[in-house]
Amino acid sequence: MNYQKLKSIFVMIFILSVALTGCGSSQTTAPAVEEDTQNSEVSSEYPIVIQHAFGETIIESKPERVATIAWGNQDLPLALEIVPVGVSQANYGVLDDSGLLPWTLEKFKELGVEDPVIFRDTDGLDYEAISDVQPDVILAAYSGITQEEYDLLSQIAPVVAYPDLPWQTYWREQITINANGMGMQSEGEALVEELEALIAEKISEHPSIKGKKAAFFAFTPSDLGKFYIYHPNDPRAAYLLDLGMALPDSIAKLAQETNSFYIELSSENVDVLEDVEVVITYGNEDLLTALQADPLLGSLPAIKRGSVALIEDGTPLAASATPSALSIPATIDEYLTIIGEAADKVK
């Protein structure tokens, strides 16, 4: 989208804001839920000031129309029984034409919304569509938005951005930061406690996982000459620690060399990862066969003995490896079962 078009869009936004002041959209929010939003107890004092990577955002009053962009942010308002007026299309793990992951779609339906507004923004933010839903706040605590994108979004509504680095906001912080932006800080904190209790209950059923040194990898079967390990600051890797696993010293050392959410490593250097006891990765049995047959990667003890948790690529379960307020309860049993089977092979 060029700047001339963006300029035209924001002129249109101004005109619409004058013409439609005080008007809502009956097609974007279920009436009963909207009433609950308006009457819900305010759990924050205003104005709310949220510090983030681009400075600070000020929320002057409780938002009534919440929009979300990027990955997973939509699950927080939904988990708190608030229907977003618009959400980004899920770009991974969707097996139908809904544009949403199953737990998100199910929650919309549970709240009475059969046809939610979805921003078709997988190739770039759709500023016009976001403006059209007239949000009071835009949630993006887990995202990769740039300064330019933040500035443009801020012309539409206050933006709740990530605190430090793109794509490196843990699920707890995603919840508490976004909830604070909605004026529901206490509700967000309560949800975190609820999910922590659920995780503790579930991991108690898989004792073989506890304390195992694990890392989340990404392999390309057609090119095993290099591979990627998700940085400990990436929510996928951090989630493994929530599940009772431990960070290998080798990964902690490598992580010091980059601020990116992943670490790239040549297969020639795989021997530095010998302390990794369990490998978690996207793939299937064909990938494991290829890894074990590879003269370099196959020498890694975890791969050699099959301590590899394979998460079928492109599935909802694979998407849930990046946890959210709704994906954790939806998939934790299946996820722990697969990881547990890999952990059982560690001697």
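Above this text sits the structure in question.
Residues numbered from 1 in each chain as written. Predicted model: local features only at pLDDT ≥ 70, side-chain atom pairs only at ≥ 80, totals over all residues. Heavy atoms only, no water.

Let's talk about the pairing of strand β2 (residues 55-59)
Within a regular strand, side chains alternate between the sheet's two faces.
Here comes step 1: With five bridges joining them, strand β1 (residues 48-52) and β2 adopt antiparallel strand pairing. Along β2, the bridge assignment pairs I48 with I59.
Here comes step 2: Adjacent in sequence and paired antiparallel, β1 and β2 are bridged by two residues. (Pairing = 2+ DSSP bridges. Helix = DSSP H or I, 4+ residues; strand = E, 2+ residues; numbered from the N terminus.)

Let's talk about empty space enclosed by the protein
Here comes step 1: Taken as a whole, this structure holds four cavities of 30 Å³ or more when the rule is applied.
Here comes step 2: Taken as a whole, the largest cavity spans an internal volume of roughly 80 Å³.
Here comes step 3: As for the largest cavity, its lining consists of 13 residues, and the residues nearest its centre are A214, A215, A237, L240 and L247.
Here comes step 4: Elements that contribute at least two residues to the lining of the largest cavity include exactly β8 (214-220) and α9 (235-242).
Here comes step 5: Counting residues per element, the lining of the largest cavity draws most heavily on α9, which supplies four residues.
Here comes step 6: When its volume is computed, the second largest cavity comes out at roughly 60 Å³.
Here comes step 7: Taken together, A70, W71, G72, Q74, S88, Q89, A90, G99, L100, L101 and T104 make up the full set of residues lining the second largest cavity.
Here comes step 8: Of the residues belonging to the lining of the second largest cavity, the class tally is five nonpolar, six polar and no charged. (1 Å grid on protein atoms, 1.4 Å probe; cavity = no way out; pocket = protein on both sides within 12 Å on 5 of 7 lines; lining within 4 Å. Points joined across faces, edges and corners; volume = space filled by probe spheres on them. Nonpolar A, V, L, I, M, F, W, Y, C, P; charged D, E, K, R; others polar.)

Topic: unusual backbone geometry
Here comes step 1: Here the bond from Y46 into P47 is cis, since omega is 0°, no more than 30 degrees from zero.
Here comes step 2: Within the fold, P47 resides in the loop between α2 (31-39) and β1.
Here comes step 3: Phi angles above zero are rare outside glycine, and A70 is one such case at about 70°.
Here comes step 4: Considering the arrangement of structural elements, one finds A70 in the loop between β3 (66-68) and α3 (75-79).
Here comes step 5: The phi dihedral of W167 is positive, around 60°, even though this residue is not glycine.
Here comes step 6: Mapped onto the elements of the fold, W167 is located in the loop between β7 (159-160) and α7 (171-181).
Here comes step 7: For W167, a relative accessible area of 30% gives the class partly exposed. (Buried < 20%, exposed > 50% of the residue type's maximum accessible area, 1.4 Å probe, protein only.)

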